[in-house]
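Residue-level structure breakdown
Spelled out from the first residue to the last, the chains are:
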Amino acid sequence: MRHFLTLKDFSAKEIKEIVGLAIKIKKDLKNGKRESLLHGKTLAMIFEKNSTRTRVSFEAGIYQLGGIGLFLSNRDLQLGRGEDMKDTARVISRMVDMVVIRTDSHMRLEEFAEFSHVPVINGLSDSYHPTQLLADYLTMIECKKDKNPIVAYIGDGNNIAHSWLMLAAKMGFELRIATPSGYEPNISIYEDALEIAEESGAKIILSNDPKEAIKDATVVTTDTWTSMGQEEQKEQRLMDFKGFCIDTALFSKADPEAIFLHCLPAYRGQEVSDRVLEGERSAVFLEAENRLHIQKGIMVWLDQKRN
Ligand code: CP
Ligand code: NVA
């Protein structure tokens, strides 16, 4: 049995297998064919934080595959009143076929997975957001940006940046991350990525200079400067991230054919300007739609590994 907690646990071949499944499922859906690949299966969806895309894509995805989704918020579960993660895991995983969890601490997620009898999917933790990055990779493939890309991530060294580090390291491409000083990615995740990159040939560059990072990039991306749970730091962050907004002037330094990606939700005028987000090279809504197709690929792949 496999879990889906971070791309670090997956080989390039396995990542391609999951994305391949998503591409097939998406094509079938567009042709009006909905195969009940998870007929009668139940997905528990534990969300300790807000979500639009992750929640809707998993819930719609499991229904479209012939299964049922149980949305369980922190307000409803005893987890919200302090029940242990390991007890919750042993109870819920005796009743359902798969679990997706959105939580703050990655360790809580790992604890749940350790005690779970069924596959567990990371729906976002403070360390990683791997389902998002597979949707981003699928979007790069569809936009023909997956061959020798130069990806520039300009912004906070957060869970999305960490997931880009893992994707680049595994798939062997060039990733440049530019953050303000003091907002760099977690050092141990960065070092893990460098170690993986030695084998795959990925080129990973960290800097504090957005103009240098974006130069000739073929994929430009960012994320909110203030992640969920950091709201009280917002004012300070708005000051510290000055000069890191991907506006038309900065975007013009990328490759003329570069695409813009953003996991969303976006905050216009902060990490990205309205013109770039709404511009013709922005693929953000295709990227958001691809969450649906990739979640289905992940669930089907994990289910196959159990059989
Ligand atoms: N990108 C993403 O995960 O969005 P949600 O927080 O809306 O799920
Ligand atoms: N870094 C953001 C991603 C939201 C999808 C957060 O953790 O809030």
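Notes on the structure in this doc start here. (Residues numbered from 1 in each chain as written. Chains lettered and ligands numbered in written order. Predicted model: local features only at pLDDT ≥ 70, side-chain atom pairs only at ≥ 80, totals over all residues. Heavy atoms only, no water.)

1. Description of the overall build of the chain
The condition is simple: Secondary structure elements follow DSSP: runs of H or I of four or more residues count as helices, runs of E of two or more count as strands, with numbering from the N terminus. The globule rule used here is 2.2 Å times the number of residues to the 0.38 power, and the radius of gyration it is set against is calculated over C-alpha atoms. Buried means the residue's accessible area, taken with a 1.4 Å probe over protein chains only, is under 20% of the maximum for its type, while exposed means over 50%, and partly exposed covers the values in between. The contact criterion used is simple: two residues touch if any of their non-hydrogen atoms lie within 4.5 Å. Computed with the Shrake-Rupley method and a 1.4 Å probe, the accessible areas treat only the protein chains shown as cover for residues. By the counting scheme adopted, Arg and Lys are positive, Glu and Asp are negative, and His together with the chain ends is not counted. Where a charge lies is defined by one atom per residue type: Lys uses NZ, Arg uses CZ, Asp uses CG and Glu uses CD.
The secondary structure content of the chain amounts to 12 helices and 9 strands. Here the C-alpha atoms of the chain give a radius of gyration of 19 Å, agreeing with the 19 Å that 2.2 N^0.38 yields for 307 residues. Seen through its principal axes, the chain has C-alpha atoms that stretch 50 × 45 × 35 Å. Here the chain, with 307 residues, has 57% of them falling under the buried criterion. Counted over contacts in the chain with a minimum sequence separation of 6, partners at least 24 positions apart contribute 76%. Accessible surface for the chain amounts to roughly 13,600 Å². Of this, 48% is attributable to carbon and sulfur atoms. Here the chain contributes 40 positively and 46 negatively charged side chains, and the mean placements of these two sets differ by 5 Å.

2. Observations regarding the site of ligand 2
This is how the line gets drawn: Throughout, the term near means that a residue has one or more heavy atoms lying within 4 Å of the molecule or strand in question. What qualifies as a polar contact is a pair of N or O atoms within 3.5 Å, subject to a donor-acceptor requirement within protein and to the restriction that residues adjacent in sequence count only when both atoms come from side chains. Cavities and pockets were defined on a 1 Å grid built over protein atoms only: a cavity is a set of grid points that admits a 1.4 Å probe from which the probe cannot escape, a pocket is an open set flanked by protein on both sides within 12 Å along at least five of seven lines, and lining residues are those with an atom within 4 Å of any such point. Throughout, a molecule is located in a cavity or pocket provided that more than half of its atoms lie within 2 Å of its grid points. Here the nonpolar group is Ala, Val, Leu, Ile, Met, Phe, Trp, Tyr, Cys and Pro; Asp, Glu, Lys and Arg are the charged ones; every other residue, Gly included, is treated as polar.
Leu124, Asn158, Asn159, Asp223, Thr224, Ser227, Met228 and Leu264 make up every residue found near ligand 2. Contact between ligand 2 and Asp223: a nitrogen atom at 2.6 Å from a side-chain N or O atom of the residue. At 2.8 Å from an oxygen atom of ligand 2 is found a main-chain nitrogen or oxygen belonging to Met228. For ligand 2, the accessible surface in isolation is 270 Å², of which the surrounding protein chains cover 93%. With respect to the pocket detection grid, ligand 2 is positioned in the largest pocket. Of the residues in the shell around ligand 2, the class split is 3 nonpolar, 4 polar and 1 charged.

3. Quick notes on helix H12 (residues 284–306)
We count it as follows: Take the residue count of a helix, subtract one, and multiply by 1.5 Å to get its expected span. Note that the bend at a residue is defined as the angle between axes fitted to the seven residues ending at it and the seven residues starting at it.
The terminal C-alpha atoms of H12, which comprises 23 residues, lie 33 Å apart, in line with the 33 Å expected from a rise of 1.5 Å per residue. In H12, a bend of some 30° at Arg291 exceeds every other bend along the element.

4. Quick word on the environment of Ala258
Among the secondary structure elements, Ala258 is positioned in the loop between helix H10 (248–251) and strand E9 (259–262). A residue is classified by how much of its surface remains accessible, and Ala258, at 0% relative accessible area, is buried. Taking the C-alpha atoms as reference, Ala258 lies 9.4 Å from Ile150; in sequence the two are 108 residues apart. If near-sequence neighbours (up to four positions away) are discounted, Ala258 is found in contact with Ala217, Thr218, Val220, Phe251 and Arg281.

5. Re the sheet that holds strand E7 (residues 203–207)
Note the threshold: In this analysis, strands are considered paired if DSSP registers two or more bridges between them. Only the stretch in contact is used when fitting a helix axis, every axis being a line fitted to C-alpha atoms; angles between N-to-C directions are given from 0 to 180 degrees.
The parallel open sheet is built from 5 strands, whose spatial order is E7-E6-E5-E8-E9. In the strand order of this sheet, the two ends are held by E7 and E9, each with one partner. Mean inter-strand twist for the sheet, computed between neighbouring axes without regard to direction, equals 20°. The sheet strands contacting helix H6 (residues 159–171) are strand E5 (150–154), strand E6 (174–178), E7, strand E8 (219–222) and E9, and the helix crosses E6 at an angle near 160°.

6. What to know about the state of the cysteines
Note the cut-off: By convention in this document, the label disulfide applies to cysteine sulfur atom pairs within 2.5 Å.
All told, the structure shown has 0 disulfides when counted by the stated rule. Between Cys245, a cysteine without a disulfide, and Cys263, which holds the nearest cysteine sulfur, the sulfur-to-sulfur distance is 15 Å. For Cys245, a relative accessible area of 18% translates into the label buried.

7. Quick notes on the nonpolar core
Condition: What makes a nonpolar core is a set of buried Ala, Val, Leu, Ile, Met, Phe, Trp, Tyr and Cys residues whose side-chain atoms join them at distances within 4.5 Å.
By size, the foremost hydrophobic cluster in this structure holds 58 residues, and its most contacted members are Phe4, Ile121, Leu134, Trp164, Leu167 and Met299. Per-element tally for this core: the top contributor is H6, with 9 residues. Beyond its immediate sequence surroundings of up to four residues, Leu134 is in contact with Phe4, Leu7, Ile15, Ile18, Leu167, Ile294 and Ile298. Of all hydrophobic cores here, the second largest spans 24 residues; its members include Tyr183, Ile214, Cys245 and Val276.

8. Digging into a negative patch on the surface
Put simply, the rule is: Any residue with relative accessible area above 30% and no salt bridge may belong to a patch, with like charges joined within 9 Å and the nonpolar Val, Leu, Ile, Met, Phe, Trp and Tyr side chains within 5 Å. One speaks of a salt bridge when a side-chain nitrogen belonging to Lys or Arg is within 4 Å of a carboxyl oxygen belonging to Asp or Glu.
A cluster of like negative charges, contributed by Glu191, Glu195, Glu198 and Glu199, occupies part of the molecular surface. One can find Glu195 in helix H7 (residues 187–200).

9. Some remarks on the sheet that holds strand E4 (residues 120–122)
Across the sheet, which stays open at both edges, the 4 strands sit in the order E2-E1-E3-E4 with parallel pairing between neighbours. Edge positions in the sheet fall to strand E2 (68–73) and E4, since each of these pairs with one other strand and no more. Here the average twist between neighbouring strands, direction ignored, is 20°. Inspection of the sheet shows strand E3 (residues 98–102) paired to E4 by 3 bridges, in the parallel sense. Bridged to Ile101 within E4 is Asn122. Of the strands in this sheet, strand E1 (42–47), E3 and E4 touch helix H4 (residues 106–115), which is tilted by about 165° from E4.

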